[in-house]
Amino acid sequence: MEASAPGRARRGRRRTRAAGSPLSRAAVLLFLSAFLVRVPASVGYLVRLPRSFRLTKDSVKIVGSTNFPVKVYVMLHQKSPHILCVTQRLRNAELIDPSFQWHGPKGKVVSENSTTQITSTGSLVFQNFQERMSGIYTCSLEYKPTVEETVKHLYLKYIIYAYREPHYYYQFTARYHAPPCNSIYNISFEKKLLQILSKLVLDLSCEISLLKSECHHVKMQKAGLQNELFFTFSVSSLDAGKGPKPCTDHNCESSRRLAKAKNLIERFFNQQVEALGRRAEPLPEIYYIEGTLQMVWINRCFPGYGMNDLQHPKCPECCVICSPGSYNPRDGIHCLQCNSSLMYGAKTCS
């Protein structure tokens, strides 16, 4: 967001006024701190929600196919849908003396425990799904269509993937007029700015992270050479239960809390502009440069997970666990190829 020519000219005039009026360290910090108490509560919700996979009434129970493996997506630490040991054709048919047996990854027989249930009708259900549960599952079904007919055999294959929501956050950049780049006041100002921003979003269970802080000499038209601080920081959501005010209702959804945090941060910088406009005395040596606040919305997957709308068309914006033969070592978007990786959720290629 570039400032207009008149706006840039005003920046130059403001800097010229500021050149002869350096502010003490204590005054700089006091000036910035004054904005915190005047920031009111903010409302507003994020509308760009990720189109993540959601179970509908039609997909609560998943049937198999004799033609191809059926892919099933289970959110990490959540309950799975019912995975049936029948095809769509047999789902509502009468089966005489049905017998079911499930085999999990590495061919092990699936037995019931605290996280795995097999219903009386052969459905497989997971509780608190874990990464290690991802893999290929097969079900063998023996049944008679009628009492007189011989036993028939059915073999179904499922690929069950753990998935999780993307790690999404806002990244902000802002610029401040500054004293010489080697001034100790710049370091003090940076720390105080981060403290104020962190306090702004604390009750929303969000956190501020400084990504980059640099001081540069900038030549402005009709304003000479100026010193400017370039700040890049992010605001991301923590688990709702980790904040100072844990809650479980819909207002604690990560996207809603991030939207409120974004609004508070934008309001904070706008109020700095308003305060400078009302200021009669010379400008301080460190002040926010109007029009330089920029924001980018960023999606990332956690290590071991990635997005792939071709491989996972039913979960295109989910971070799905990386399959064998791929890995994701850091907060990237996609799983990378690695022929030596033999496990689900690999974070290294080895």
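The structure presented is a predicted model; accordingly, all values stated were derived computationally and were not measured.

Draft legend 1. Just the state of the cysteines, in detail. All told, the structure shown has six disulfides when counted by the stated rule. One disulfide in the model links Cys181 with Cys215; its S-S distance is 2.0 Å. Handedness here is read from the sign of the S-S torsion; for Cys181 and Cys215, about -75°, the answer is left-handed. Taken together, the residues span a long stretch of sequence, with Cys181 in the loop between strand S9 (167-177) and helix H3 (184-201) and Cys215 in strand S10 (residues 206-220) at a distance of 34 residues. When its relative accessible area of 28% is taken as the criterion, Cys181 is described as partly exposed. Its relative accessible area of 23% is what places Cys215 among the partly exposed residues. Here Cys322 engages in a disulfide with Cys335; their sulfurs sit 2.0 Å apart. Disulfide Cys322 to Cys335: torsion about the S-S bond roughly -85°, handedness left-handed. Taken together, the residues span a long stretch of sequence, with Cys322 in the loop between strand S15 (319-321) and strand S16 (326-327) and Cys335 in the loop between S16 and strand S17 (336-337) at a distance of 13 residues.

Draft legend 2. The packing of H3 against helix H4 (residues 254-277), seen in detail. Interaxial distance between H3 and H4 falls to 9 Å at its minimum, and their mutual angle equals 135°. The angle between H3 and H4 places the two elements in the oblique class. Crossing handedness for the pair H3 and H4: right-handed. Judged by residue contacts, Leu193, Ile196, Leu197, Leu200 and Val201 of H3 engage Ala261, Leu264, Ile265, Phe268 and Phe269 from H4.

Draft legend 3. Region of interest: the environment of Met133. For Met133, the location among the structural elements is in the loop between strand S6 (124-126) and strand S7 (135-144). When the C-alpha positions of Met133 and Tyr161 are compared, they lie 8.1 Å apart, and in sequence the two are 28 residues distant. Setting aside anything within four residues of it in sequence, one finds Met133 in contact with Pro105, Thr115, Phe126, Gln127 and Asn128.

Draft legend 4. Representation of the pattern of salt bridges within the structure. Here the structure, examined in full by the defined rule, presents four salt bridges. Where Glu228 meets Arg175, a salt bridge forms, and the shortest distance between an N and an O atom there is 2.7 Å. Note that Glu228 is positioned in strand S11 (residues 224-237) and Arg175 in strand S9, a separation of 53 residues in sequence. Residue Glu228 is classed as buried on the basis of its relative accessible area, which comes to 0%. A salt bridge links Arg279 to Glu281; its shortest N-O distance comes to 3.7 Å. Overall, Arg279 belongs to the partly exposed group, its relative accessible area being 22%. Relative accessible area serves as the criterion here: at 42%, Glu281 is assigned to the partly exposed category.

Draft legend 5. Molecular detail of H4. Taking 1.5 Å as the rise per residue, H4 with 24 residues should run 34 Å; its terminal C-alpha atoms sit 35 Å apart, in good agreement. Here H4 lies mainly inside the structure; 18 of its 24 residues are buried.

Draft legend 6. How the structure looks around the confidence of the model for the protein. Overall, the predicted model of the protein reaches an average pLDDT of 82, with 79% of residues at or above 70. Counted against residues more than four places away or in other chains, residues 1-59, with its pLDDT under 50, gives 115 contacts. In the model, residues 246-250 has pLDDT below 50 throughout and makes five contacts with residues more than four positions away in sequence or in other chains.

Draft legend 7. Geometry of unusual backbone geometry. The phi torsion at Lys106 lies on the positive side, around 65°, for a residue other than glycine. Turning to its location among the elements, Lys106 is positioned in the loop between strand S4 (96-103) and strand S5 (116-118). Among the residues examined, Lys106 registers a relative accessible area of 82% and is labelled exposed. A positive phi angle, close to 55°, is found at Ser205, a residue other than glycine. Mapping Ser205 onto the fold places it in the loop between H3 and S10.

Draft legend 8. How the structure looks around the environment of Gln294. With respect to the helices and strands, Gln294 occurs in strand S13 (residues 294-300). As a C-alpha pair, Gln294 and Glu266 span 28 residues in sequence and 9.5 Å in three-dimensional space.

Draft legend 9. Inspection of H3 at higher detail. If you check H3, its first and last C-alpha atoms are 27 Å apart, about what 18 residues at 1.5 Å a residue would give, namely 26 Å. Of all the positions in H3, only Asn186, Ser188, Phe189, Leu193, Ile196, Leu197, Leu200 and Val201 are classed as buried. Here H3 starts with a cap whose side-chain oxygen sits 3.1 Å from the backbone nitrogen of Tyr185, and that cap is Ser183.

Draft legend 10. Up close: the packing of aromatic side chains. On inspection of all chains with the given rule, the structure shows 17 aromatic pairs. Within the aromatic cluster, the residues linked to one another by ring pairs are Tyr168, Tyr170, Phe172, Tyr176, Phe189, Phe231, Phe233, Phe268, Phe269, Tyr288 and Trp297. The ring of Phe302 has Arg164 lying over it, and the distance from NZ or CZ to the ring centre is 4.0 Å. Taking NZ or CZ as reference, Arg164 lies 5.5 Å from the ring centre of Tyr305, over its face.

The rules we used
- Residues numbered from 1 in each chain as written.
- Predicted model: local features only at pLDDT ≥ 70, side-chain atom pairs only at ≥ 80, totals over all residues.
- Heavy atoms only, no water.
- Disulfide = S-S within 2.5 Å.
- Helix = DSSP H or I, 4+ residues; strand = E, 2+ residues; numbered from the N terminus.
- Buried < 20%, exposed > 50% of the residue type's maximum accessible area, 1.4 Å probe, protein only.
- Axes fitted to C-alpha atoms, helices over the stretch in contact; angles between N-to-C directions.
- Parallel < 35°, antiparallel > 145°, perpendicular 65-115°, else oblique.
- Left-handed = near helix turned anticlockwise from the far one by under 90°.
- Contact = heavy atoms within 4.5 Å.
- Salt bridge = Lys/Arg side-chain N within 4 Å of Asp/Glu carboxyl O.
- Expected span 1.5 Å × (residues − 1).
- pLDDT = per-residue confidence, 0-100.
- Polar contact = N/O pair within 3.5 Å; in protein donor to acceptor, adjacent residues only side chain to side chain.
- Phe/Tyr/Trp six-rings, centres within 6.5 Å; stacked < 30°, edge-to-face > 60°.
- Lys NZ or Arg CZ within 6 Å of the ring centre and 35° of its normal.

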